[in-house]
Amino acid sequence: MAKMAVMIAPKPDQAPRVDQVGVDERVARFRARSIKKSSKVQALNLVLSQIDLTTLEGQDTPGKVRQLCQKAMRLHDSLPDIPHVAAVCVYPMMVAEAKKALGSSGIKVASVATSFPSGMAPTKVKLEEIQLAVELGADEIDMVISRGKFLEGKYQEVFDEIVACKEACGEAHLKVILETGELGTLDRVRHASELAMQAGADFIKTSTGKIQPAATMPVTLVMLQAIRDYYYDTGRMVGMKPAGGISKAKLAIHYLVMLRETLGEAWMSPDWFRFGASSLANDVLMQLQKQRTGVYQSEDYFSKD
Amino acid sequence: MDKTVKAEGRSIDSASARVKSSAAKPASRGRAKPPAATRLGVAKTYKLYINGKFPRTESGRYFTLADTKGNIAANMCRASRKDFREAVLAARSAFNGWAGASAYLRGQILYRIAEMLEARAEQFVTELKLMGLDKRAASREVTATIDCLVYYAGWTDKYPQVFSSVNPVASSHFNFSILEPVGVVSILARQESALLGFVEAIAPVIAGGNTAIALASEQNPLCAISFAEVLHSSDVPAGVINILSGYRNELAEQFASHMDVNAIIANGDDASEIKMIQEQAANNIKRVIIRKKSIAADPYQIIDVQETKTTWHPIGG
């Protein structure tokens, strides 16, 4: 990758225009699908297995991270046959703690890096942060792009930075956060998606969760379409991670419908689709318990992470 | 854009000027009076009241209510269990704010409900008459309802003193018990009394800082739904009281089984329903309050939906 001759970032006019009205109408259709009974249970289980259980706060402590890891491994003991979540997502400072707590459970450790959430640091610092997180045991790195440079039109710099980050990751998977809430238009989201994928992203991710709006269905649809077109062009599958603001099971199922109808069966797994969320898991558990008992549930009976 | 607005403004002005000029010369021009058109009445749509809004039922179902002469009085929303679930969500999110509001404020708001009801008394008398009461009985019921609200408004900052206690204990502790609202309360209103029975059931619950979801009387739901409009103009925070109309035998089980409801008040004496409620409520050890017949307003109805918290505070030593 490093010695690949010239890699040129795609220009904005190389990305197709996005039809905003069309996107909104398509999303409205996804939201009208009725998913009931056994298919609903199946979807809820899939959602659980795709969650990146996240804590990204200044007040995080090793104790809180250990607790989150416990929750990741044992979501709700009174529900039999439910999967564990895909990964736990923390700051680099907490990677070692999470790695230790998760042991051999098969749950991955994802770490944000590159001066999350703003990305306002020199590339050198960002690369060091990634290397550190990987050395501490992170399996996945969530990087943020430099939105300032992107909006300034310095696409090549943004592109080169992602290439360098991918190289710094080594074996670890790289998720590239576009922070769509700061990009402004769906056209820029589409362009940024293509730029990130061509620079080597394994996953593209909507948001940090620190900016409103975070993940929305229209933005996610545009990114899924970019993934689809990229797959047709190159044959390489890229994963998708909407993050921030998805806290209800029903909404998560709408996302799965959108995923299924845009990218197809192959992407319906934790390897290719993730939800970045902290409170989604409990709502899904409550819905599963409701399906099992027929009785509406209360948060009082589900552990806080 | 600006120009068109101005142009429109001018044309409206000139139109009103024309109206004025014609009004200045009455009838002398001999312009014919328009024929007296029969006006179509604007009937009210009786909807649900959830989270401070008036939605229709998500199910799209309704049932027809007949007045005493057998004419259709209204189409009522036949609420579904999903409407109930939404109402519980609203009540739960409103709970902390309402329970944390000062007793004085809760009293003021209850009094405000009474004020609003007083101002709209006539509407409620009309609705009660539609449901078969004679005029005198109808106004008596409305007056009694207003008085009931004022009564509980007065109790909000008094029941804590009256019912909290300092307890004598045989150790060096200062031991005291205070009351706290239980949480979200579901209420099945009395069937026979359309307004008073409904308000009697709600007022002590919210006076004590709980939030409520109430099912209106199936046979006489009109007043309960109109009462939502009174609540809506009384500074009652959204979600504190939620009102559904529908079939009791369809919804009672949900009212009793929902895990996020902390107490249920069931007005009525149907033995099989009471048994079902007790069984379903056992799921989360809900408090069950059965009121077989109407009882006069008293502060114990506030206490019915309060928890007692007792604190042991070491002294001396």
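Residues numbered from 1 in each chain as written. Chains lettered and ligands numbered in written order. Predicted model: local features only at pLDDT ≥ 70, side-chain atom pairs only at ≥ 80, totals over all residues. Heavy atoms only, no water.

Chemist: How should I be thinking about the overall build of chain B in this particular structure?
Modeler: A tally of regular secondary structure across chain B gives eleven helices and ten strands. Each of the 317 residues in chain B was classed as buried or not, and the buried ones make up 44%. In the form shown here, chain B has an accessible surface area of approximately 16,700 Å², with 55% of it arising from carbon and sulfur atoms. (Helix = DSSP H or I, 4+ residues; strand = E, 2+ residues; numbered from the N terminus. Buried < 20%, exposed > 50% of the residue type's maximum accessible area, 1.4 Å probe, protein only. Areas by Shrake-Rupley, 256 points an atom, 1.4 Å probe, with all protein chains shown as cover.)

Chemist: Is there a simple way to explain the overall build of chain A in this structure?
Modeler: Summing up its helical and strand segments, chain A has eleven helices and eight strands in all. Relative to its length of 305 residues, chain A is compact, with a C-alpha radius of gyration of 19 Å against a globular reference of 19 Å. Counting all 305 residues of chain A, 54% fall into the buried class. Once local pairs closer than 6 in sequence are excluded, the contacts in chain A between residues at least 24 apart make up 77%. (Rg over C-alpha atoms; globule rule 2.2 N^0.38 Å. Contact = heavy atoms within 4.5 Å.)

Chemist: Mind showing me how you'd approach the interface of chain B and chain A here?
Modeler: One widely used convention gives an interface's size as the accessible area the parts lose upon coming together. Taken residue by residue, the interface counts ten residues in chain B and eight residues in chain A. Summing both sides of the interface, chain B and chain A together bury roughly 880 Å²; the carbon and sulfur share of this comes to 48%. Our count for the contact surface shared by chain B and chain A stands at zero salt bridges. Where chain B touches chain A, the interface holds two residue pairs in polar contact (both at pLDDT 80 or more). Secondary structure elements with two or more residues in the side of chain B that touches chain A: α2 (81–100) and α9 (248–257) of chain B. No other element matches α2 of chain B, which puts three residues into the side of chain B that touches chain A. Of the residues belonging to the side of chain B that touches chain A, the class tally is one nonpolar, five polar and four charged. (Buried area = accessible area lost by both parts, 1.4 Å probe. Salt bridge = Lys/Arg side-chain N within 4 Å of Asp/Glu carboxyl O. Polar contact = N/O pair within 3.5 Å; in protein donor to acceptor, adjacent residues only side chain to side chain. Nonpolar A, V, L, I, M, F, W, Y, C, P; charged D, E, K, R; others polar.)

Chemist: Explain helix α2 (residues 37–49) of chain A here, please?
Modeler: Since there are 3.6 residues in each turn of an α-helix, residues three or four apart along the chain are aligned in direction. An ideal rise of 1.5 Å per residue puts 18 Å on 13 residues; α2 of chain A measures up with 19 Å between its terminal C-alpha atoms. If you follow the buried residues of α2 of chain A, they end up packed against β1 (51–54), α10 (249–262), β8 (275–277) and α11 (280–293) of chain A. (Expected span 1.5 Å × (residues − 1).)

Chemist: So what exactly am I meant to see when it comes to the sheet that holds strand β6 (residues 211–215) of chain B here?
Modeler: Strands pair in a sheet through their backbones, by hydrogen bonds, and they do so in one of two ways: parallel or antiparallel. Residue and element names in this part refer to chain B. Across the sheet, five strands lie side by side as β7-β6-β5-β8-β9; this open sheet has parallel pairing. With partners counted over all chains shown, the strands left at the sheet margins are β7 (241–244) and β9 (287–291), one partner each. Each strand of the sheet is rotated relative to its neighbour by a mean of 15 degrees, with strand direction disregarded. Bridge count for strand β5 (residues 184–188) against strand β8 (residues 263–267) is four bridges, and the pairing is parallel. By the bridge assignment for β8, V185 is matched with A263. Along the sheet, helix α10 (residues 271–281) makes contact with β5, β8 and β9, crossing β9 at roughly 165 degrees. (Pairing = 2+ DSSP bridges. Axes fitted to C-alpha atoms, helices over the stretch in contact; angles between N-to-C directions.)

Chemist: What should I look at first to understand the pattern of salt bridges in this one?
Modeler: Oppositely charged side chains can pair when the atoms bearing their charge come close. All names here are of chain A. Within this structure, the stated rule accounts for 41 salt bridges over all chains. In this structure, K64 engages E57 in a salt bridge whose closest nitrogen and oxygen atoms are separated by 3.8 Å. E57 sits in the partly exposed class, given a relative accessible area of 34%. Close ionic contact of E140 with K175 constitutes a salt bridge, the shortest N to O distance being 2.7 Å. Placement of the pair is E140 in strand β4 (residues 140–144) and K175 in strand β5 (residues 173–177), with a sequence separation of 35 residues.

Chemist: Got a minute to help me understand a positive patch on the surface in this structure?
Modeler: Together, R31, K36, K37 and K250 of chain A together with R81 of chain B line one region of the surface with positive charge. Following the sequence through the fold, K250 of chain A ends up in helix α10. When its relative accessible area of 58% is taken as the criterion, K250 of chain A is described as exposed. (Patch = residues over 30% accessible without salt bridge, like charges linked within 9 Å, V, L, I, M, F, W, Y side chains within 5 Å. Lys, Arg positive; Asp, Glu negative; His and termini not counted. Charge placed at Lys NZ, Arg CZ, Asp CG, Glu CD.)

Chemist: Would you mind going over unusual backbone geometry with me for this structure?
Modeler: Keep in mind that most residues, glycine aside, have a negative phi and that most peptide bonds are trans. Residue and element names in this part refer to chain A. With an omega of 0 degrees, the peptide bond between F116 and P117 qualifies as cis. Its location among the elements puts P117 in the loop between β3 (108–112) and α5 (123–136). Geometrically, the link from Q212 to P213 is a cis peptide bond, its omega value of -5 degrees lying close to zero. Unlike most non-glycine residues, S115 shows phi in positive territory, near 50 degrees. Within the element layout of this structure, S115 appears in the loop between β3 and α5.

Chemist: How should I be thinking about the sheet that holds β5 of chain A in this particular structure?
Modeler: Residues and elements named next belong to chain A. With parallel pairing, eight strands are arranged side by side in an open sheet as β7-β6-β5-β4-β3-β2-β1-β8. Both outer strands of the open sheet, β7 (239–241) and β8, are each paired with one neighbouring strand and no more. Strand after strand, the sheet turns through a mean of 25 degrees between neighbouring axes, direction not considered. Strand direction decides the pairing type here: strand β6 (residues 203–205) and β7, joined by three bridges, are parallel.

Chemist: When you look at the side chain of R291 of chain B in this model, what are you seeing that I'm missing?
Modeler: Residue and element names in this part refer to chain B. Mapped onto the elements, R291 comes out in strand β9. Engagement of the side chain of R291 in a polar contact is seen with the side chain of D304, the distance being 2.8 Å. In this structure, R291 is in contact with R190, I265, A266, N267, G268, Q301 and D304, ignoring residues within four places of it in sequence.

Chemist: Looking at this model, I keep getting lost on the packing of aromatic side chains. Mind explaining?
Modeler: Two measures describe an aromatic ring pair: the distance that separates the ring centres and the angle between the ring planes. All names here are of chain A. Per the stated rule, a full pass over the model turns up 13 aromatic pairs over all chains. Geometrically, the ring pair formed by F273 and F275 is edge-to-face, given 5.2 Å between the ring centres and 85 degrees between the ring planes. You'll find F273 and F275 in the same group, each marked buried. Chaining the aromatic ring pairs together yields one cluster made of Y231, Y232 and W267. Here the guanidinium or amino end of K290 rests over the ring plane of Y296, the centre of that ring lying 4.9 Å away. (Phe/Tyr/Trp six-rings, centres within 6.5 Å; stacked < 30°, edge-to-face > 60°. Lys NZ or Arg CZ within 6 Å of the ring centre and 35° of its normal.)

Chemist: Help me understand the nonpolar core, please; the structure alone is not making it clear to me.
Modeler: Nonpolar side chains in soluble globular proteins tend to end up buried together. Judged by nonpolar contacts, the single largest core of 94 residues is most densely connected at I51, I141, I162, V176, I227, F275 and L280 of chain A. In this view, F275 of chain A contacts V47, Q50, I51, D52, K241, P242, I246, A252, Y255, L256 and L280 of chain A; residues no more than four positions away in its chain are not counted. (Core = buried A, V, L, I, M, F, W, Y, C linked by side-chain atoms within 4.5 Å.)

Chemist: In this structure, what is going on with the environment of S226 of chain B? I would like to understand it.
Modeler: All names here are of chain B. Relative to the helices and strands, S226 resides in helix α8 (residues 222–232). A C-alpha to C-alpha distance of 8.8 Å links S226 and Q123, two positions 103 residues apart in sequence. Among all residues touching S226, those that are not within four sequence positions of it are K44, Y46, Q123, F124 and E127.

Chemist: How should the packing of helix α9 (residues 217–234) of chain A against α10 of chain A be read in this particular structure?
Modeler: Axis angle and axis distance: for two packed helices, these are the angle between their axes and the distance between the axes, and together they describe the pair. Residues and elements named next belong to chain A. Packing of α9 against α10 leaves a shortest axis separation of 10 Å and a crossing angle of 25 degrees. By the angle class used here, α9 and α10 are roughly parallel. Considering how the two elements wind past one another, α9 and α10 form a crossing that is right-handed. For the pair α9 and α10, the contacting residues are M217, T220, L221, L224, Q225 and R228 in the first and L251, H254, Y255, M258, L259 and T262 in the second. Across the contact of α9 with α10, the residue classes break down as seven nonpolar, four polar and one charged. (Parallel < 35°, antiparallel > 145°, perpendicular 65-115°, else oblique. Left-handed = near helix turned anticlockwise from the far one by under 90°.)

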